[in-house]
Amino acid sequence: MSDQLTHFNEQNRARMVDVSDKDITKREAVAHSQIIMKPETLGRIREGRVEKGDVLAVAQVAGVMAAKKTWEIIPMCHPLPLTGIDIRFSFTDETTLEVEAAVKTTGKTGVEMEALTAVSVAALTVYDMCKAMDKEMIIGPTSLLTKTGGKSGDFRRGEK
């Protein structure tokens with residue numbers, strides 16, 4: 001794998017990478033984030049007692065929409081025909097909500113940014129829906145867990 005930054009041209013100006021000559025392969029990326037909050041806030045989310053509605057349902061739709069629109073908000077991302085997006089939530093303790101997104105495509109470039117965008121927007125949506133009762137929520141860390149497919153090969157966090 002090269003350490004060369006591909007998003008810069010010979011004049012060191014930003015560019016969108018040309019993927020015309022890349023092979024079409026099956027690609028998947030999984031990203032993770034979390035939101036730490038007061039136990040009362042997480043309890044109300046679990047019990048469906050947030051005045052704005054079903055927090056996790058809204059956050060799930062927001063995450064899916066964000067993955068689909070990543071190319072519109074991250075300047076050098078390509079528009080991709082996504083073939084699958086799955087957003088999952090889990091409660092790890094009385095203060096932590098975990099968010100995971102798996103994004104798939106068959107294309108010439110990967111979906112890491114789409115997965116990272118999905119978990120970020122899902123977490124931000126939880127914050128938005130619950131901020132009236134808990135402005136001290138903390139989002140993050142957010143990270144790529146895995147990616148498969150493409151010329152650079154597979155990646156799994158923690159492996160070299």
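Before reading further, recall that the structure is shown in the block above.
Because the structure is predicted, anything quoted here is derived from the model rather than measured.

1. Topic: the side chain of His-32
Tracing the backbone shows His-32 in strand 1 (residues 25–36). Owing to a relative accessible area of 17%, His-32 belongs among the buried residues under this scheme.

2. Describing the environment of Asp-134
Within the secondary structure, Asp-134 sits in the loop between helix 4 (112–130) and strand 4 (138–139). Each residue touching Asp-134, except ones within four places of it in the same chain, is listed here: Met-37, Lys-38, Thr-41 and Tyr-127. Within polar-contact distance, the side chain of Asp-134 engages the backbone nitrogen of Lys-38 at 2.8 Å. At 3.1 Å, the side chain of Asp-134 forms a polar contact with the side chain of Thr-41.

3. Some words on the pattern of salt bridges
Tallying each qualifying case throughout the model produces five salt bridges. Taking the shortest distance from any N to any O, the salt bridge between Arg-44 and Glu-51 comes out at 2.6 Å. A salt bridge links Asp-86 to Arg-88, with the shortest nitrogen-to-oxygen separation between them at 2.9 Å. For Asp-86, a relative accessible area of 29% corresponds to the partly exposed category. Exposure remark for Arg-88: the relative accessible area of 52% places this residue in the exposed category.

Rules and cut-offs
- Residues numbered from 1 in each chain as written.
- Predicted model: local features only at pLDDT ≥ 70, side-chain atom pairs only at ≥ 80, totals over all residues.
- Heavy atoms only, no water.
- Helix = DSSP H or I, 4+ residues; strand = E, 2+ residues; numbered from the N terminus.
- Buried < 20%, exposed > 50% of the residue type's maximum accessible area, 1.4 Å probe, protein only.
- Contact = heavy atoms within 4.5 Å.
- Polar contact = N/O pair within 3.5 Å; in protein donor to acceptor, adjacent residues only side chain to side chain.
- Salt bridge = Lys/Arg side-chain N within 4 Å of Asp/Glu carboxyl O.

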